[in-house]
Structure formats: C-alpha cells, structure tokens
Amino acid sequence: MPIKEVQRIIRVDHAGERGAICIYRAQRFIARLLYKDLVKQLDEMLAHEKQHCDTFNTWLRVNNVRHCYALWLWSLGGYLLGGVTALMGKKAIWVCTQAVESTVLHHLERQLAYLEVHDQSAFQAVMSIKKDEEEHLNFGIELGSNSILYLPIRLVVKSSTKFAIWLSTRL
Ligand SMILES: [Fe+2]
Ligand SMILES: [Fe+2]
C-alpha cells in the first residue's frame, strides 16, 4: 500500500474532481437556459473533470485506498459555487473558473514535487490531468475579468476551495 501522505494526496484530488464536476454541471444547467453559447465549452470542461475523477478513482481502487469522507461536501459546495456564479452572469462563470483552476494548479505543483520522489504511479496520475487544468485556467483568464467588481467572487471561490482541501486532508 502507498504511504499515508500519498494516499491523502490522491484522495483529496479525487474529491476535488468531484467538486469540479458539480461546479460545471450547475453552470451548464443554467447556461442551457441563459447563455447557450457557453454550453459547448462547459461540456468540454465537464468531460475533462469526469475523466480526471475516473483516473483518481481507478488509482484509489487499485491501491485499496478509501474515498474522502467529505465527498458530499465537495458535491454540495460545487453545486453552490457553480449555481451562484452562473446566476451572476457569464463573466462570473469564467472568474470562478479562473479562481478554482489557479488554486488547483498551485496545489498540483506542490503535490507533483512531492510525488515525483515518493510514488511514480501517483505522480503519473496527477501529471495526466495538469494540461487540461492549465487549459481551463486559460479559458478563465481569457474570458473572465480582472475587474474589482468580481473580487468577492474570487475571494469566496478561492477560500472555499482552500478550505475544502484543508478539511479533506484531515478527514
Ligand atoms: Fe480536473
Ligand atoms: Fe479543471
């Protein structure tokens, strides 16, 4: 069995993907009604997140590692963040994407440095999702906004993502 820290890392990443799936699902649901031009792009990101979730799920299963106890919290939080931001407008969707994905990527970088030395299979799993997350971040930067108006969204999204990560490494 992989060492505790490695188990924790992939467990949190799996939970995070669950959260991402729920964010994009909620945003897609609202985009279908209000901003049809965004649906295709949201669909594409949602498909990536499902793939990422599968990758980590498989790793956990193969290595006999349990899921995070707070999966329900990630789902609930994801639906909430996705739903609320989508109702605030198109730009808010991309501001949310930027905030989530930049927090995620920052987190991944730190994990990769650790995993490279401690566990190759976990390293490969995390590495395999990095390119997609960078693409999502770029959509967020390109289509979002740096306006001060969106500062509250950025702060809420970033802090809730960090809080969920912090909590899940302890559960
Ligand atoms: Fe992802
Ligand atoms: Fe993503």
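A few points on the structure. Only a predicted model underlies this, so the values are computations on that prediction, with no experimental measurement involved.

So, how was this worked out
- For every chain, the first residue of the written sequence is number 1, and numbering continues from 1 along that sequence.
- Labels are handed out in written order, letters beginning with A for the chains and numbers beginning with 1 for the ligands.
- Since the coordinates come from a predicted model, pLDDT governs what is reported: local features require at least 70, and pairs of side-chain atoms require 80 or more to be given and counted, while whole-chain, interface and lining totals use all residues.
- Here the side-chain values reflect all heavy atoms present in the structure, with hydrogen atoms and water set aside.
- Ligating atoms shown are N, O and S within 2.8 Å of the metal, or 3.2 Å for Na, K and Ca, and water is not included, meaning a site may look less than complete.
- Helix and strand labels come from DSSP, where a helix needs a run of H or I of at least four residues and a strand needs a run of E of at least two; each type is numbered from the N terminus.
- With a 1.4 Å probe rolled over the protein chains alone, any residue whose accessible area is under 20% of its type maximum counts as buried; one over 50% counts as exposed, and the rest are partly exposed.
- Each aromatic pair joins two rings of Phe, Tyr and Trp (for Trp, the six-membered one) with centres within 6.5 Å, and gets the label stacked for planes under 30 degrees apart, edge-to-face for over 60, and tilted for any other angle.
- A ring is scored as having a charge over it whenever the NZ atom of a lysine or the CZ atom of an arginine sits within 6 Å of its centre and within 35 degrees of its normal.
- Contact definition: two residues touch when any of their heavy atoms are within 4.5 Å.
- Counted as salt bridges are all cases of a side-chain nitrogen of Lys or Arg within 4 Å of a carboxyl oxygen of Asp or Glu.
- To estimate how far a helix should extend, the number of its residues minus one is multiplied by 1.5 Å.
- To get the bend at a given residue, fit one axis to the seven residues ending there, fit another to the seven starting there, and take the angle between those axes.

So, the coordination of the iron ion (ligand 2)
- Glu49 (OE), Glu101 (OE), Glu101 (OE), Glu133 (OE) and His136 (ND1) make up the full set of protein donors to the iron ion (ligand 2), lying at 2.0 to 2.7 Å.
- If you look at the iron ion (ligand 2) and the iron ion (ligand 1), they sit 3.7 Å from each other and are both ligated by glutamate 49. Of this pair, glutamate 49 sits in helix H2 (residues 39-62) while glutamate 133 sits in helix H5 (residues 120-143), and the two are 84 residues apart along the sequence.
- The exposure class assigned to glutamate 49 is buried, which follows from its relative accessible area of 1%.
- Judged by its relative accessible area of 2%, glutamate 133 falls in the buried class.

With respect to the packing of aromatic side chains
- Inspection of the entire model under this criterion finds 2 aromatic pairs.
- Over the face of the ring belonging to tyrosine 69 we find arginine 66, whose NZ or CZ atom lies 3.8 Å from the ring centre.

A few points about the side chain of glutamine 98
- Relative to the elements of secondary structure, glutamine 98 occurs in helix H4 (residues 90-118).
- For glutamine 98, a relative accessible area of 18% translates into the label buried.
- Beyond its immediate chain neighbours, meaning those up to four positions away, glutamine 98 contacts Leu137, Gly140, Ile141 and Asn146.

Description of the pattern of salt bridges
- Tallying each qualifying case throughout the model produces 5 salt bridges.
- We note a salt bridge from arginine 8 to glutamate 5, for which the minimum N-O separation is 3.2 Å. Taken as a pair, arginine 8 and glutamate 5 lie in helix H1 (residues 4-34) at a separation of 3 residues, close to a single helical turn.
- Across the salt bridge formed by glutamate 109 and lysine 130, the nearest N and O atoms sit 3.4 Å from each other. Of this pair, glutamate 109 sits in helix H4 while lysine 130 sits in helix H5; the two residues are 21 residues apart in sequence, bridging distant segments of the chain.
- Given a relative accessible area of 41%, glutamate 109 falls into the partly exposed group.
- The class for lysine 130 is buried, based on a relative accessible area of 17%.
- One network of salt bridges, with partners in common, ties together Glu109, Lys130 and Glu134.

So, H5
- Taking 1.5 Å per residue as the helical rise, H5 with its 24 residues ought to reach 34 Å, and the 35 Å between its terminal C-alpha atoms agrees with that figure.
- The sharpest bend along H5 comes to roughly 30°, located at lysine 130.
- Buried residues belonging to H5 abut H1, H2 and H4.

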